[in-house]
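Structure assessment
Listed below are the residues making up each chain.
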Amino acid sequence: MEEFATTKCAHFEKSITTHTFSCLKGRLRAFTTSTGATYHEHNESGYKKIWIVGVKDVVERVRSQLEKLIGESTIGDVHMYQIEYMTEAGFFETMKKMHHLEVCEPLKSEKKIVFVGDPSAMKDAKHELQVMLQKITASRYIQRKEDPFIKIFHSENTRQQLSDLLRAKGFTAVYTESHGTFTVYSDNRENATRAMGCLNDLIWEGRYPDDRKFEECEKQCLSTPKWRGKKAELESKTKPLLIQSMDGHSLQLVGLTSHKEAVLKELRIFFRKTVDREFKFKGKGKRVSCLFAFKADIYHDLEKQFSAKIKQAEHLDDLVIYATMDVKEGLLAAVSKAHDSVREDTFTVHAAAMIQQIKVNKSVLEDIGKNNQCIITSHEDGGHSSGNTDGGM
């Protein structure tokens, strides 16, 4: 600082960093204007030079006040996790208010902390911050993690939920990750350990289904456009979420615990509505054969209504049905209703000539059945021939 004075006026100049000047320029100008002094500024490389000109006693008073106002100091070689912790904890703002500083804030690009204010106050503030920096470094807790946990952790949504969770529990912590090594920092090791527990609780790792392997029909579904679309939809709307197949036997799921139930519910619904499974329907008598022979449109209509496939089993009196789980109950009820609509009657043939005719010409019963839309079968009991007719629909 240099000063030039006459008996009536004085002039002094001072250089400060451009960062400090940007924080204080409004107050500098207002302060000098209110005292009647004249204020000037000039750009230098990385600095601002200011001049104050005015009546000698005014300039002296202004200089005394400004020297308290614009004392400047820094702490360098600060790690980003230390800056992040103190920012998250509101430490810089607390120091600023507690020590009546004009500026107490980090310069992340230069990895340092800047103080501006009364030099005596800055000394105490710097000491407190240096103690805190050491505590943060000494309180770390380390744990190894693998993919895909790491990918989920780096999501902005994960970090925000973690910050909110820790704040709700009344403490602060920050994390770093390098090649699968997670390090958590807090103001003491106990809180660092608690914070790591919060992170583990926040991220959910699970499988679907968790109690069995996929059926073959479900495995085949994983290669379809429908599944690829559903997977993309879930991962997009439930960020962060990672879904990957485990050799087709199940799905590995990694995401936020808060999304777990919603994701599992959507997967259950998707596979129930999308995957066709095979169901068996045990027919009674010749009713299934009768419906296929004369009322096949009933089955065709049910196939359309339930988006299903209905076939006669190898044993023609039973059904094989292919349908999704969500329609199974309603479809089987409809099939059973159609099955029950077929009337079954039994009568005994006593006329010997008719019995002989049936034995000699097997097509007689078939022709009668076709003409009357029914199926007639026969068997012998106690030397008499009897008929079983399913019809009368």
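Look a little higher up for the structure.
Here we summarise the structure given alongside this text. (Residues numbered from 1 in each chain as written. Predicted model: local features only at pLDDT ≥ 70, side-chain atom pairs only at ≥ 80, totals over all residues. Heavy atoms only, no water.)

Along the backbone of the protein chain there are 16 helices and 19 strands. The burial tally for the protein chain puts 42% of its 393 residues in the buried class. The long-range fraction of contacts in the protein chain, counting pairs at least 24 apart against all pairs at least 6 apart in sequence, stands at 66%. (Helix = DSSP H or I, 4+ residues; strand = E, 2+ residues; numbered from the N terminus. Buried < 20%, exposed > 50% of the residue type's maximum accessible area, 1.4 Å probe, protein only. Contact = heavy atoms within 4.5 Å.)

The next thing to look at is the packing of aromatic side chains. In this description, a pair of aromatic rings is defined by centroid distance and the angle of the planes. This model, assessed by the stated rule, comprises eleven aromatic pairs. With a centroid separation of 6.3 Å and 65 degrees between ring planes, the pair formed by Tyr208 and Phe214 is classed as edge-to-face. Judged by its relative accessible area of 6%, Phe214 is buried. In this arrangement the basic side chain of Lys145 is found over the ring face of Phe149, its NZ or CZ atom lying 4.4 Å from the centre. (Phe/Tyr/Trp six-rings, centres within 6.5 Å; stacked < 30°, edge-to-face > 60°. Lys NZ or Arg CZ within 6 Å of the ring centre and 35° of its normal.)

Right, let's get into the sheet that holds strand S11 (residues 203–208). In space, the three strands of this open sheet follow the order S11-S13-S12, with antiparallel pairing throughout. Strands with a single pairing partner mark the edges of an open sheet, and in this sheet they are S11 and strand S12 (241–245). Strand-to-strand twist across the sheet, computed as the mean angle between neighbouring axes with direction ignored, equals 15 degrees. Bridge analysis of S11 against strand S13 (residues 251–256) gives six bridges, and the strand direction is antiparallel. In the strand pairing of S13, Trp204 is matched with Gly255. Helix H8 (residues 189–202) rests against S11 and S13 of the sheet, and its axis sits at about 30 degrees to S11. (Pairing = 2+ DSSP bridges. Axes fitted to C-alpha atoms, helices over the stretch in contact; angles between N-to-C directions.)

This next bit is on the packing of helix H12 (residues 287–294) against helix H14 (residues 325–340). At a minimum axis distance of 9 Å, the contact between H12 and H14 shows a crossing angle of 90 degrees. The angle between H12 and H14 falls in the class roughly perpendicular. Mapping the contact onto sequence places Arg287, Val288 and Leu291 in H12 and Ala338, His339 and Asp340 in H14. A per-class count over the contact of H12 with H14 returns three nonpolar, one polar and two charged. (Parallel < 35°, antiparallel > 145°, perpendicular 65-115°, else oblique. Nonpolar A, V, L, I, M, F, W, Y, C, P; charged D, E, K, R; others polar.)

To continue, consider the side chain of Glu303. Tracing the backbone through its elements, the reader meets Glu303 in helix H13 (residues 296–306). One buried charged residue, Glu303, forms no salt bridge at all, with the nearest opposite charge on Lys309 at 4.6 Å. Ignoring any residue separated from it by four or fewer positions in sequence, one finds Glu303 in contact with Ala308, Lys309 and Ile310. (Lys, Arg positive; Asp, Glu negative; His and termini not counted. Salt bridge = Lys/Arg side-chain N within 4 Å of Asp/Glu carboxyl O.)

Taken together, the three strands give an open sheet; going across it, the order is S8-S10-S9, and neighbouring strands pair in antiparallel fashion. The sheet is open, and its two edges are formed by strand S8 (141–144) and strand S9 (174–178), each paired on a single side. When strand polarity is set aside, the average angle formed by the axes of neighbouring strands in this sheet is 20 degrees. In this structure, S9 lies alongside strand S10 (residues 181–185), joined through five bridges in antiparallel fashion. Note that in S10 the partner of Thr176 across the bridge is Thr183. Where helix H3 (residues 80–88) meets the sheet, its contacts fall on S9 and S10, and the angle it forms with S9 comes to roughly 155 degrees.

What follows covers the nonpolar core. Across soluble globular proteins, you tend to see nonpolar side chains buried next to one another. If you look at the biggest cluster of nonpolar residues, it comprises 22 residues, and the most contacted ones within it are Met86, Ile113, Phe115 and Leu129. When residues of this core are traced back to their parent elements, those giving at least two are H3, helix H4 (91–98), strand S7 (112–117) and helix H5 (119–138). Once residues lying within four places of it in the same chain are set aside, the contact partners of Ile113 are Ser73, Thr74, Ile75, Val78, Met86, Phe92, Glu105, Pro106 and Leu129. Listed in part, the 20 residues of the second largest apolar core include Phe182, Ala195, Met196 and Leu256. (Core = buried A, V, L, I, M, F, W, Y, C linked by side-chain atoms within 4.5 Å.)

Right, let's get into the environment of Ser289. Structurally, the position occupied by Ser289 is in helix H12. Separated by 2.9 Å, the side chains of Ser289 and Asp317 make a polar contact. (Polar contact = N/O pair within 3.5 Å; in protein donor to acceptor, adjacent residues only side chain to side chain.)

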